[in-house]
Number of protein chains: 2
Amino acid sequence: MSSFEDADTEEMLTCLQMTVYHPGQQPNGIFQSIGFHKREKLPSREEVKFGRSSKVCNYTFQDRQVSRVQFSLQLFKKFGSSVLSFEIKNMSKKTSLIVDNRTLDFLHKVDLPDRCMIRFGDYQILMEKEDGVSLEFFETEFILSPRSLLQENDWPPQNPIPEYCHSVWFSPQSTSPMETDENEL
Amino acid sequence: MSSFEDADTEEMLTCLQMTVYHPGQQPNGIFQSIGFHKREKLPSREEVKFGRSSKVCNYTFQDRQVSRVQFSLQLFKKFGSSVLSFEIKNMSKKTSLIVDNRTLDFLHKVDLPDRCMIRFGDYQILMEKEDGVSLEFFETEFILSPRSLLQENDWPPQNPIPEYCHSVWFSPQSTSPMETDENEL
């Protein structure tokens, strides 16, 4: 009882929930190494790798069409924010990685929106972040979707995502629109 | 001779030259594990770590005031660019990392300007990137400075760095200045 009472207070962990779908999925198939519905605690200092090679990847896909390292996730903290954020980087020279509507080639990276769809080849991964307090650790959780996520979530969204869109505004005393990049990447 | 003739054409490598200085430096001191004036070839997919722990860091400082991992560098490719770029992330909970005039706390990251000054504690590292062609590999090179780099390079710069400054412009038919963030981070 005293060890329980003296233990450090547990901090809420940021959780990245990943709902995966592949049209060829079946029991003991491409997702056989993924533990579904189990939260796994990981140090936020470490890069998390996804791909075919179990030597270097945290999460592997049993599929020869997947690169040894397909993509990686990095934890970081935005300026002015107290919570963890994720950055995704395409590590494959052969396959593009699509984050919502944006195409990432080899070594391109973007900050991950709190809810977004990742696609490469026939793979679909819906990523949803639940904020926590701890900066030292975070959790991952995988869910298997029986159906394509593109239809279910009406993905990709039809409206441009604010992060990538241009805003057009009019100066009160001018007739010509003025275009600015609100968020240069 | 034929193996020479048949070998893959060598690609120019991006080189990150790091000129280091610490007021307490001496032979066989804090920089004893660093090989000066030797170019080292590294895979661009891998994170490069700097700190006290030789178990996890590529480059170590023999100094108890340095964190086990002090900071890390990530290679990536900017959208629309064909060359490698670097991102730096502060991995220390105890020490701030200063990139030019910008202070990074634990897990803060920024894209590294092509020439910039990194500081933490009494350490000064002038980082200078020389662009190459290869995306697979890059090189590092260390140089030891006998003098403080802050005086020698007139660092930190007195003028605000374009990346972090706000531009103020006037609409032709308006008298009030309009402020926009040109590069939101």
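Residues numbered from 1 in each chain as written. Chains lettered and ligands numbered in written order. Predicted model: local features only at pLDDT ≥ 70, side-chain atom pairs only at ≥ 80, totals over all residues. Heavy atoms only, no water.

## As for the confidence of the model for chain A
Residue and element names in this part refer to chain A.
Okay, step 1: The predicted model of chain A averages 85 in pLDDT, with 80% of residues at 70 or higher.
Okay, step 2: The low-confidence segment residues 160–185 (pLDDT under 50) makes 36 contacts with residues lying over four places distant or belonging to another chain.
Okay, step 3: With a pTM of 0.80, the predicted complex shows an ipTM of 0.78. (pLDDT = per-residue confidence, 0-100. Contact = heavy atoms within 4.5 Å.)

## Examining the side chain of Gln25 of chain A
Residues and elements named next belong to chain A.
Okay, step 1: Mapped onto the secondary structure, Gln25 falls in the loop between strand 1 (14–21) and strand 2 (40–43).
Okay, step 2: Within polar-contact distance, the side chain of Gln25 engages the backbone oxygen of Ser145 at 2.7 Å.
Okay, step 3: Residues contacting Gln25, with those up to four places away along its chain left out, are Val20, Ile30, Phe31, Leu144, Ser145 and Pro146. (Helix = DSSP H or I, 4+ residues; strand = E, 2+ residues; numbered from the N terminus. Polar contact = N/O pair within 3.5 Å; in protein donor to acceptor, adjacent residues only side chain to side chain.)

## Topic: the pattern of salt bridges
Once the charged atoms of two side chains with opposite charge are near each other, the side chains can pair.
Okay, step 1: Taken as a whole and assessed by the stated rule, the structure comprises 26 salt bridges over all chains.
Okay, step 2: Between Lys129 of chain A and Asp114 of chain A there is a salt bridge, and its shortest N-O distance comes to 3.8 Å. In this pair, Lys129 of chain A sits in strand 11 (residues 123–130) while Asp114 of chain A sits in the loop between strand 9 (109–111) and strand 10 (115–120), placing the two residues 15 residues apart along the sequence.
Okay, step 3: Residue Arg39 of chain B pairs with Glu141 of chain B through a salt bridge whose shortest N-O separation is 3.3 Å. Note that Arg39 of chain B is positioned in the loop between strand 1 (14–21) and strand 2 (40–43) and Glu141 of chain B in strand 12 (residues 137–144), a separation of 102 residues in sequence.
Okay, step 4: Using a relative accessible area of 11% as the deciding quantity, one classes Glu141 of chain B as buried.
Okay, step 5: Three or more residues are tied together by salt bridges with common partners; here these are Glu87, Lys109 and Asp111 of chain A together with Glu87, Lys109 and Asp111 of chain B. (Salt bridge = Lys/Arg side-chain N within 4 Å of Asp/Glu carboxyl O. Buried < 20%, exposed > 50% of the residue type's maximum accessible area, 1.4 Å probe, protein only.)

## Structural notes on the pairing of strand 6 (residues 84–90) of chain A
All names here are of chain A.
Okay, step 1: Most of strand 6 is tucked away: seven of the seven residues are buried.
Okay, step 2: Taking every second residue as pointing to the same face, both faces of strand 6 are buried, with Leu84, Phe86, Ile88 and Asn90 on one and Ser85, Glu87 and Lys89 on the other.
Okay, step 3: Sheet analysis places strand 5 (residues 71–77) next to strand 6, joined by seven bridges and oriented antiparallel. From the neighbouring strand, Leu75 faces strand 6, where its bridge partner is Phe86.
Okay, step 4: In this antiparallel pair of consecutive strands, strand 5 and strand 6, the connection spans six residues, and Gly80 shows a positive phi of 80 degrees.
Okay, step 5: Of the pairings in the sheet, the one linking strand 6 to strand 9 comprises three bridges and is antiparallel in character. The partner of Glu87 across the bridge, within strand 9, is Asp111. (Pairing = 2+ DSSP bridges.)

## Digging into the environment of Ser53 of chain A
Residue and element names in this part refer to chain A.
Okay, step 1: Checked against the element boundaries, Ser53 lands in the loop between strand 3 (48–51) and strand 4 (59–60).
Okay, step 2: For Ser53, a relative accessible area of 16% corresponds to the buried category.
Okay, step 3: Between the C-alpha atoms of Ser53 and Leu16, which are 37 residues apart in sequence, the distance is 22 Å.
Okay, step 4: Non-local contacts of Ser53, meaning those with residues more than four positions away in its chain, are made with Thr60 and Arg68.
Okay, step 5: A distance of 3.3 Å separates a polar atom in the side chain of Ser53 from the backbone nitrogen of Lys55.

## As for the sheet that holds strand 9 (residues 109–111) of chain B
Okay, step 1: With mixed pairing, five strands are arranged side by side in an open sheet as 4-3-5-6-9 (chain B). Only two strands of the sheet have a single partner each, and these edge strands are strand 4 (59–60) and strand 9 of chain B.

## Looking at a positive patch on the surface
Okay, step 1: Residues Arg52, Arg64, Arg68 and Lys94 of chain A make up a contiguous surface patch of positive charge.
Okay, step 2: Take Lys94 of chain A: it is sitting in the loop between strand 6 and strand 7 (97–99). (Patch = residues over 30% accessible without salt bridge, like charges linked within 9 Å, V, L, I, M, F, W, Y side chains within 5 Å. Areas by Shrake-Rupley, 256 points an atom, 1.4 Å probe, with all protein chains shown as cover. Lys, Arg positive; Asp, Glu negative; His and termini not counted. Charge placed at Lys NZ, Arg CZ, Asp CG, Glu CD.)

## Digging into the pairing of strand 3 of chain A
Residues and elements named next belong to chain A.
Okay, step 1: Because side chains alternate across strand 3, one face comprises the buried residues Val48 and Phe50, and the other comprises Lys49 and Gly51, equally buried.
Okay, step 2: When strand 3 meets strand 5, the two strands line up antiparallel, connected through three bridges. By the bridge assignment, Val48 is partnered in strand 5 with Leu73.
Okay, step 3: Sheet analysis places strand 3 next to strand 4, joined by two bridges and oriented parallel.

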